[in-house]
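Okay, here's what each chain looks like letter by letter:
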Amino acid sequence: MTMNHAEPVLDVQGLKVDIATPRGTLHAVRDVSFQVRRGETLCLVGESGCGKSMTSLAVMGLLPKAARRSTSRLAVLGEDISRARARRVNALRGNKMAMIFQEPMTALNPAYPIGDQLTEHYIHHRGASRPQARDRAVELLEKVGIASAGQRLSQYPHQLSGGLRQRVMIAMALMCGPELLIADEPSTALDVTIQAQILRLLAELQAELGIAMVLITHDLGVVARIARRVAVMYAGQIVEQGPVAELFAAPRHPYTQGLLDCIPVPGRNRPGEPLGTIAGVVPALYGDLPGCAFYQRCPHAQPRCRAPIALRGGAGARQWRCVLHAEGGRA
Ligand SMILES: Nc1ncnc2c1ncn2[C@@H]1O[C@H](COP(=O)(O)OP(=O)(O)OP(=O)(O)O)[C@@H](O)[C@H]1O
Ligand SMILES: [Mg+2]
């Protein structure tokens, strides 16, 4: 398919995810819009439970059964797949878009050697022969830094360390040469140095292959090193997004400010300096949250924050959902 270069690789508009639970409907993702362009990394950050994984699963068409997606536009390479048949979405997934899961065993089947798992989609989507697919698998295992790649193909996932499993999963995601890669934060079960290696590898591959990447992380230090744009999520909404440097230098949403106060960012915090915490808890995501979801925890909360708050700023530039900053200056 030919593609207009001005067209974002991923264009999400008005995404909502509702999950049916015994307690009622949980609004896990509430009107989320963002775009990612070719060669660009967008980081999605926010506390546990804010809807990062649900957002990415919704884009990939991989939501759990209890979850329902609605969206006004979900376009991959210019093709709106918000109402596409499962068959079409399956064809795009693995081919044009791929995902790296938070937990590698979500993607790897314990019952098959990794070689079979790496080659399966390539044979299916590309009509490749077995030897071609095997060559491609070896090439990618080497690319993700796995030594003696040829011998690894016959191994089972449980024979690999957590770090190697992550690398295999990255190789698997790249087999068909996707243009969009969504990487959910490498499992926090990995130790810190391995996690850092995996993130560095992802950043290198993204730059080398020029793909559009959405990287989900809790870590603003990672954002500062890897991404050009960042979207900050809170309670199922994007409360602020924009270029990383601008957003870190002058956050416009108090939640972003709170995150920056909590997490060491190279150059902002001196080693050993105590970090802040954001007092209070995330609101329950059942029922309506008409005003600002951060209201209960915000040091600047005002009565007008209880009314609906429109997104301010331009779609391509900075956007924020807070009354403190009017367009073009302080309110
Ligand atoms: N299968 C499910 N059934 C019911 N609720 C769910 C399910 N999966 C997720 N949720 C809820 O949906 C909301 C968003 O979850 P999500 O997994 O997207 O968060 P997250 O930002 O990825 O968090 P983390 O950083 O911990 O991975 C949470 O409130 C979570 O409890
Ligand atoms: Mg998650």
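Structure: see above.
Definitions and cut-offs
Residues numbered from 1 in each chain as written. Chains lettered and ligands numbered in written order. Predicted model: local features only at pLDDT ≥ 70, side-chain atom pairs only at ≥ 80, totals over all residues. Heavy atoms only, no water. 1 Å grid on protein atoms, 1.4 Å probe; cavity = no way out; pocket = protein on both sides within 12 Å on 5 of 7 lines; lining within 4 Å. Points joined across faces, edges and corners; volume = space filled by probe spheres on them. Phe/Tyr/Trp six-rings, centres within 6.5 Å; stacked < 30°, edge-to-face > 60°. Helix = DSSP H or I, 4+ residues; strand = E, 2+ residues; numbered from the N terminus. Buried < 20%, exposed > 50% of the residue type's maximum accessible area, 1.4 Å probe, protein only. Salt bridge = Lys/Arg side-chain N within 4 Å of Asp/Glu carboxyl O. Donors = N, O, S within 2.8 Å, 3.2 Å for Na, K, Ca; no water. Contact = heavy atoms within 4.5 Å.

(A) Quick peek at empty space enclosed by the protein. In total, this model carries two cavities of 30 Å³ or more according to the counting rule given. Approximately 80 Å³ is the volume found for the largest cavity. What lines the largest cavity is a set of 13 residues, among which Pro254, Cys292, Cys298, Cys305 and Cys322 lie closest to the centre. Along its surface, the second largest cavity is lined by Asp31, Val32, Ser33, Ile238, Glu240, Gln241, Leu311, Gln319 and Arg321.

(B) Here's a closer look at the packing of aromatic side chains. Inspection of the entire model under this criterion finds three aromatic pairs. Judged by centre distance (4.5 Å) and plane angle (50°), the rings of tyrosine 234 and tyrosine 255 are tilted. Here tyrosine 234 is found in strand E10 (residues 229-234), whereas its partner tyrosine 255 is found in helix H10 (residues 254-262), with 21 residues between them in sequence. Exposure class is identical for tyrosine 234 and tyrosine 255. Each is buried. A ring pair is formed by tyrosine 255 and phenylalanine 294, whose centres lie 5.4 Å apart and whose planes are at 70°; its orientation type is edge-to-face. Residue tyrosine 255 is found in helix H10, and its partner phenylalanine 294 is found in the loop between H10 and strand E12 (312-313); the two are separated by 39 residues along the sequence. The exposure classification of tyrosine 255 matches that of phenylalanine 294, with both residues buried.

(C) Local environment of the pattern of salt bridges. Under the criterion given, the structure shown has eleven salt bridges. A salt bridge links glutamate 47 to arginine 297, with the nearest nitrogen and oxygen atoms 3.3 Å apart. With a gap of 250 residues between them, glutamate 47 in the loop between strand E3 (41-45) and helix H1 (52-60) and arginine 297 in the loop between H10 and E12 connect regions that are remote in the sequence. According to the relative accessible area criterion, glutamate 47 is partly exposed, its value standing at 24%. Bridged by salt links that share partners, the residues Glu7, Asp11 and Arg73 form one connected network.

(D) Quick peek at the coordination of the magnesium ion (ligand 2). Around the magnesium ion (ligand 2), the donor atoms from the protein are Ser53 (OG) and Gln102 (OE1), and they sit 2.0 to 2.7 Å away. Placement of serine 53 in helix H1 and of glutamine 102 in the loop between strand E7 (97-100) and helix H3 (114-126) is noted, with a sequence separation of 49 residues between them. Overall, the relative accessible area of 22% leaves serine 53 in the partly exposed class. Judged by relative accessible area, which is 35%, glutamine 102 ranks as partly exposed.

(E) Region of interest: the environment of glycine 236. Mapped onto the elements of the fold, glycine 236 is located in the loop between E10 and strand E11 (237-243). Along the sequence, glycine 236 and threonine 55 sit 181 residues apart, while their C-alpha atoms lie 8.7 Å from each other.

(F) Quick look at H10. Summarising burial for H10: seven of the nine residues are buried, a large majority. At its buried positions, H10 is contacted by E3, helix H8 (220-226), E10, E11 and helix H9 (244-249).

Interpretation in functional terms is not warranted from these geometric data alone.
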